[in-house]
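Reading the structure
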Amino acid sequence: MIFLLVLIPFISGIMAFFLRNNPACRGLIVATAAAHSGLTAAICFMNVKTSSNWLFLDELGALFLCITSILFLAAAVYSIAFFREGPHSEDDKKQTAPVSFNTKEAAFSGCLLLFLGSMTLVIISRHFGLLWVAMEATTLASAPLIYFHRNKRSLEATWKYLLICSVGIALALLGNLFLGVAVSLSGKGNIGLIISQLDLSGSETSIPWLKAAFLFIFVGYGTKMGLAPFHTWLPDAHSEAPSLVSALLSGALLNCAFLGILRAHQVCVASGIASFSRDIFLLFGLLSMAAAAIFIFGQHDYKRLLAYSSIEHMGIMALGIGLGQTAAFGALFHVFNHSMVKGFLFFTAGNILSVYHTKEVKNVKGLIRIAPVSGILWMLGILAITGTPPFGVFFSEFIIFRSAVEQGRNITAVIYLILLAAVFIGMFLVVPEMVQGKYPEDIKRPGKKENMFRILPCLVLCGFALWLGFCVPDWLQNILQQALIILENLK
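Residues numbered from 1 in each chain as written. Predicted model: local features only at pLDDT ≥ 70, side-chain atom pairs only at ≥ 80, totals over all residues. Heavy atoms only, no water.

**Topic: the overall build of the chain**
- Within the chain, the regular secondary structure consists of 20 helices and 0 strands.
- Taken against the 2.2 N^0.38 rule, which gives 23 Å for 491 residues, the C-alpha radius of gyration of the chain at 21 Å falls within 12% of a compact globule.
- Its C-alpha atoms give the chain principal-axis dimensions of roughly 70 × 55 × 40 Å.
- Burial analysis of the chain (491 residues in total) assigns 63% to the buried set.
- For the chain, the computed accessible surface area is about 17600 Å², with 68% contributed by carbon and sulfur atoms. (Helix = DSSP H or I, 4+ residues; strand = E, 2+ residues; numbered from the N terminus. Rg over C-alpha atoms; globule rule 2.2 N^0.38 Å. Buried < 20%, exposed > 50% of the residue type's maximum accessible area, 1.4 Å probe, protein only. Areas by Shrake-Rupley, 256 points an atom, 1.4 Å probe, with all protein chains shown as cover.)

Rendered as structure tokens:
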């Protein structure tokens, strides 16, 4: 079954390139997403044990697999409306040249499915080398998706994405090489770079080489994760990509990079240098939150606003892992919460862009009267992503804060609260006017009802994010607890 998780998206992706019927492309995306979700449910919820020489799925991977599968299924449903409304439904009228043209639907569908397959391969990789290959594959599959609108700004965003992430992936390769040296010096080079075996033989690994390996892997995959100061590709890519792609970049791709770093952290914990890796997580977590708090103020593009919010939340996750103990549980819970909320926020941003045809905050007014459902979802989403109760994001952020206080790290806790408050203020300086302001006379209402395929994924993800604030389902709580045991090497 574990092979099917990768094979189905890859085979469907290749098939999509040869389809000439647009409805068939949309059907293929939805069918593949449904099949992937079904397999994920069978493996994760029915406790099916899956392992091979190169692929495996533990509870830590299961958490990220569930997130990716849920979010991609929502994006697949959203794509139906995205393509039905025409290739320019999300064009920014101030940034698109009259001669611009959009990627053919077949090519877009193929890349989207290959993107799913490569992200899945990252999650279920048992070998650090295979994980690296899969991570590079996510870059190659997603780059054409960012270049969808084929204008000057999307070209710039795509090249920046490719260049910066390629430098990062090269550094991660060096980290893998150093990890190999660390293993070979231990006299157990026969185990290679297999994650589960490295965890078992961690105490015999060469510590200096392991530290060097972790640093390079952290910086390399941290670039893909969007941690500051390696984040410079992220705002452009999230802003210029179609909204369903932005949702997957923020809610799934960044998580894959995070998982790559967590796998290296596992080896550090098993080798007895957990404090070393945690200090690095702590430093860059706070740095990322600070960078996001600074750049969110005065932001004029609402999709870039969400992009900087993603940087902030990557920082929160890193901070939680850096604090360890209960905070690590909060960080893993936050991964789930952030993906659900950021997913429906980017979908809603696409709804706004399809009506107003601009990403400029100052030109979006009266959303609650032009598109009432999207207006409500936008306000709820901003409340959720800034950590307002009763959404799940509030509780995962609170778990991290409480853990910092319990550990006596009061300065860290205070800085954490100040940065959260700064982001909250920065976002709410612009959002109320978008929702409640006087709408421009030249904006037409989308009709009696907003498109069901644009609204339904947003409602489901929003409901899920709200539900997690009241009750964590048993299956998710079990996965989170087991993932924490694996991550922290608890017995």
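**Describing helix α16 (residues 392–406)**
- Over its 15 residues, α16 extends 21 Å from the first C-alpha to the last, a length consistent with the 21 Å expected when each residue adds 1.5 Å.
- Along α16, the positions that sit buried rather than exposed are G392, V393, S396, E397, I399, I400, S403 and A404. Down the axis of α16, the buried side of the element spans an arc of 145 degrees, and every buried residue falls inside it.
- Packed against the buried residues of α16 are α12 (302–323), α13 (326–356), α15 (372–385), α17 (410–428) and α19 (452–470).
- Two residues or fewer past α16, G408 is found with a positive phi of approximately 80 degrees. (Expected span 1.5 Å × (residues − 1). Arc of directions from axis to C-beta. Contact = heavy atoms within 4.5 Å.)

**What about the packing of aromatic side chains?**
- A complete count under the given rule lists 25 aromatic pairs for this structure.
- Judged by centre distance (5.3 Å) and plane angle (85 degrees), the rings of F218 and F281 are edge-to-face. Of the two residues, F218 is situated in helix α8 (residues 207–225) and F281 in helix α11 (residues 274–296); the sequence distance between them amounts to 63 residues.
- Residue classification places F281 among the buried residues on the basis of a relative accessible area of 0%.
- With 6.4 Å between their ring centres and 40 degrees between their planes, F398 and F401 make a pair best called tilted. Here F398 and its partner F401 are both found in helix α16, 3 residues apart, which amounts to about one turn of the helix. (Phe/Tyr/Trp six-rings, centres within 6.5 Å; stacked < 30°, edge-to-face > 60°.)

**Focus: the side chain of T348**
- Its place among the elements puts T348 in helix α13.
- Judged by its relative accessible area of 0%, T348 is buried.
- Setting aside residues up to four positions removed in sequence, T348 forms contacts with S374, L377, W378 and C458.

**Details of the pattern of salt bridges**
- All told, the structure shown has 9 salt bridges when counted by the stated rule.
- D58 is paired through a salt bridge with R263; the nearest N and O atoms lie 2.9 Å apart. Linking D58 in the loop between α2 (22–45) and α3 (59–84) with R263 in helix α10 (residues 243–270), this pair joins segments that are 205 residues apart in sequence.
- The class of D58 is buried, set by a relative accessible area of 12%.
- Notably, a salt bridge pairs K359 with E240, separated by 3.8 Å at the nearest N-O pair. With K359 in the loop between α13 and α14 (367–370) and E240 in helix α9 (residues 234–240), this pair connects stretches of sequence that are 119 residues apart. E240 carries the same exposure label as K359, and that label is buried. (Salt bridge = Lys/Arg side-chain N within 4 Å of Asp/Glu carboxyl O.)

**Some points on the confidence of the model for the chain**
- Overall, the predicted model of the chain reaches an average pLDDT of 89, with 90% of residues at or above 70.
- The low-confidence segment residues 97–102 (pLDDT under 50) makes 11 contacts with residues lying over four places distant or belonging to another chain. (pLDDT = per-residue confidence, 0-100.)

**Quick word on the environment of A274**
- When you line up the elements, A274 lands in helix α11.
- Linking A274 and I80, residues 194 residues apart in sequence, is a C-alpha distance of 46 Å.
- The residues contacting A274, other than those within four sequence positions of it, are H265, C268 and V269.

**Here we look at the state of the cysteines**
- Applying the stated criterion across every chain yields a total of 0 disulfides.
- With no disulfide of its own, C111 lies closest to C25 among cysteine sulfurs, the gap being 12 Å. (Disulfide = S-S within 2.5 Å.)

**Notes on a nonpolar patch on the surface**
- A grouping of F3, L4, L7, I11 and M15 is seen on the molecular surface, where their side chains present a nonpolar patch of about 470 Å² in accessible area.
- Following the sequence through the fold, I11 ends up in helix α1 (residues 2–16).
- Assessed through its relative accessible area of 47%, I11 is described here as partly exposed. (Patch = residues over 30% accessible without salt bridge, like charges linked within 9 Å, V, L, I, M, F, W, Y side chains within 5 Å.)

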